[in-house]
Amino acid sequence: MRFIVSTSTLLKHLQTVNGASSSSTVLPILENFLFEIKDGNLTISATDLQTSMTTALAVESKEEGKVAVPSKILLDTLKTLPDQPIAFNIDDTTFAIEISAGDGKYKLSGENGDDFPKIPVVENASSVNLPASVLTEAITKTIFAVSNDELRPAMTGVFCQLSPQHITFVATDAHKLVRYRRMDSKADKATSFILPKKALTLLKAALPSNDINVSVDYNATSAFFKFENINLVCRLIDERYPDYEAVIPQNNPNKLVIDRGLFLNTLRRVVIFANKTTHQVRLKINGSELNISSEDLDFANEAHERLSCQYDGEDLEIGFNARFLIEMLSNLSGDEITLELSTPNRAGLLIPQTNDENEDVLMLVMPVMLNNSY
């Protein structure tokens, strides 16, 4: 089997799917790409058995066949080569691969393509079309709030709720929660599933900047994303997602409106002086004044800053983990945000002041208990 392709085109396609491959000691073939040649097209696949990605590109070839190619050595070689045609010669019996590029020849040993795990195909699936921009925005706004706690597998993914009215994406790690809702994207019938974090990270990296339609097919076990010449398949997390609506406080009489950039930069400074384990900051709101302070008793570090804000409600003192607030403010858009509060032991809500009419973003953060030493 022989084919010719440009180094830069091949490298771009390999880097797109490379994240799906696995450095598995149990199944060493997962460290390979599967190359399949048919009708002058090269299809490249990578998988870790949970998530699989395939991409296709046109190459010069009159033959058909498949081979598993070691991913790391191939990627490392292509990264150092200039943009030029590169020829692959593969022995159909030993699967030895010889690569010719310019004046260089490189040999590596491949494996039988038939031993590579089968990439799942769509069966009994429902489908919905989403613009790439909506999907990118939904992943960006939620993925930072996903939990890494393997003991609560449901929370290690993003919960997707499809309905005829809207589509909702939810992520939480029990300390913070994000609900991102789109009114301009709908499904024919109501359903919900949990998408794993790894698949969403890969999807976000592969999504193009131009606003194309992404076809999303889903059944009881898997979700399939198709756009341009890329296919991504992931196994859904088979767990019940917690009732997140029950956690969102409905009655929040205290509303604080503040400049997002100003609040974010103040927190970034003040957290430097906070305890390195808790990252605790204290927000003290009196009238139209917000005092933000932190202290680290171990090192006698302290910081106090005062900001002006619009506030409607009773004077309040509440503690938060500044790292969570910083993450949320960094992922919100708009110049001003509203912080809705009720009592010092109830969750606070962060909502952008100006929401796009097709977009509804709500972020929730749990408070931390204050020790009233200063």
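Residues numbered from 1 in each chain as written. Predicted model: local features only at pLDDT ≥ 70, side-chain atom pairs only at ≥ 80, totals over all residues. Heavy atoms only, no water.

Within an unreviewed UniProt entry, the label attached to the protein reads Beta sliding clamp, and the organism entered is Pedobacter rhodius. As recorded by UniProt, the Sequence similarities (unreviewed entry) comment attached to the protein reads in full: "Belongs to the beta sliding clamp family." (UniProt positions renumbered as here; feature names shortened; annotations may be inferred.)

**Some details on the pairing of strand 7 (residues 96–101)**
Relative to strand 7, strand 6 (residues 85–90) runs antiparallel, the two being bridged by five bridges. Bridge assignment links Phe88 to a residue of strand 7, and that residue is Ile99. Connecting the antiparallel pair strand 6 and strand 7 is a turn made up of five residues, with Phe95 showing a positive phi of about 65 degrees. The sheet contact formed by strand 7 and strand 8 (residues 104–109) spans six bridges and is antiparallel. (Pairing = 2+ DSSP bridges. Helix = DSSP H or I, 4+ residues; strand = E, 2+ residues; numbered from the N terminus.)

**Describing the packing of aromatic side chains**
Enumeration according to the criterion identifies seven aromatic pairs in this entry. Their ring planes at 5 degrees and their centres at 4.7 Å tell us that Phe3 and Phe88 sit as a pair that is stacked. In this pair, Phe3 is assigned in strand 1 (residues 2–6) and Phe88 in strand 6, connecting sequence segments 85 residues apart. (Phe/Tyr/Trp six-rings, centres within 6.5 Å; stacked < 30°, edge-to-face > 60°.)

**Overview of the sheet that holds strand 25 (residues 348–352)**
As summarised here, the arrangement of the nine strands in space is 14-11-12-13-26-25-24-18-22, forming an open sheet in which the pairing is antiparallel. Either end of the sheet is taken by a strand with one partner, and the two such strands are strand 14 (191–196) and strand 22 (310–312). On average, adjacent strands in this sheet sit at an angle of 20 degrees to one another, irrespective of strand direction. Two elements, strand 11 (residues 157–162) and strand 14, share six bridges in a ladder whose sense is antiparallel. Within the sheet, the bridge partner assigned to Val158 lies in strand 14 and is Leu195. Set on the sheet, helix 3 (residues 132–143) makes contact with strand 11, strand 12 (167–172), strand 13 (176–182) and strand 26 (359–365); between it and strand 13 the angle comes to about 165 degrees. Of the strands in this sheet, strand 13, strand 24 (336–341), strand 25 and strand 26 touch helix 6 (residues 322–331), which is tilted by about 170 degrees from strand 26. (Axes fitted to C-alpha atoms, helices over the stretch in contact; angles between N-to-C directions. Contact = heavy atoms within 4.5 Å.)

**Quick notes on the packing of helix 3 against helix 4 (residues 197–206)**
Their axes nearest at 10 Å, the elements helix 3 and helix 4 cross at an angle of 135 degrees. One finds that helix 3 runs oblique with respect to helix 4. Both helix 3 and helix 4 take part in a crossing whose hand is left-handed. Of the residues in helix 4, those in contact with Leu135, Thr136, Ile139, Thr140 and Ile143 of helix 3 are Lys197, Leu200, Thr201, Leu203 and Lys204. Residues belonging to the contact of helix 3 with helix 4 are distributed by class as follows: five nonpolar, three polar and two charged. (Parallel < 35°, antiparallel > 145°, perpendicular 65-115°, else oblique. Left-handed = near helix turned anticlockwise from the far one by under 90°. Nonpolar A, V, L, I, M, F, W, Y, C, P; charged D, E, K, R; others polar.)

**Focus on the sheet that holds strand 8**
The strand order across the open sheet built from four strands is 1-6-7-8, with neighbouring strands paired in antiparallel fashion. Every interior strand has two partners, whereas the edge strands, strand 1 and strand 8, have only one. Put simply, the sheet's adjacent strands are angled 20 degrees from each other on average, direction ignored. Together, strand 1 and strand 6 form the strand contacts of helix 1 (residues 7–18), whose direction differs from that of strand 1 by roughly 90 degrees.

**A word on the nonpolar core**
By size, the foremost hydrophobic cluster in this structure holds 103 residues, and its most contacted members are Phe35, Phe88, Phe225, Phe263 and Leu290. With six residues, the single largest contributor to this core is helix 6. Not counting chain neighbours up to four residues away, the residues in contact with Phe35 comprise Phe3, Leu10, Leu14, Leu42, Thr43, Ile44, Gly65, Lys66, Val67, Val69, Leu74 and Phe88. In terms of nonpolar packing, the next biggest core, distinct from the first, is built from 14 residues, Phe159, Ile248, Ile351 and Leu364 among them. (Core = buried A, V, L, I, M, F, W, Y, C linked by side-chain atoms within 4.5 Å. Buried < 20%, exposed > 50% of the residue type's maximum accessible area, 1.4 Å probe, protein only.)

**Quick word on helix 4**
Inspection of helix 4 places Ala199, Leu200, Leu202, Leu203 and Ala206 among the buried residues, and these make up the whole buried set. Taken down its axis, helix 4 places every buried residue within 160 degrees of arc, on the same side. (Arc of directions from axis to C-beta.)

**Describing a nonpolar patch on the surface**
On the surface, Val26, Leu27 and Leu49 cluster together to form a nonpolar patch covering roughly 280 Å² of accessible area. Within the secondary structure, Val26 sits in the loop between helix 1 and strand 2 (32–38). The exposed category is assigned to Val26, whose relative accessible area is 74%. (Patch = residues over 30% accessible without salt bridge, like charges linked within 9 Å, V, L, I, M, F, W, Y side chains within 5 Å. Areas by Shrake-Rupley, 256 points an atom, 1.4 Å probe, with all protein chains shown as cover. Salt bridge = Lys/Arg side-chain N within 4 Å of Asp/Glu carboxyl O.)

**Quick look at the pairing of strand 2**
Counted residue by residue, strand 2 has five buried out of seven residues, so it is predominantly covered. Across six bridges, the pairing between strand 2 and strand 5 (residues 65–70) is antiparallel. If you follow Glu36 over to strand 5, its bridge partner there is Lys66. One ladder, built from five bridges, connects strand 2 with strand 3 (residues 41–47); its direction is antiparallel. Looking at strand 3, one finds that Glu36 is bridged to Thr43. With antiparallel pairing between neighbouring strands as the criterion, strand 2 and strand 3 make up a hairpin whose turn holds two residues, including Asp39 at a positive phi of roughly 50 degrees.

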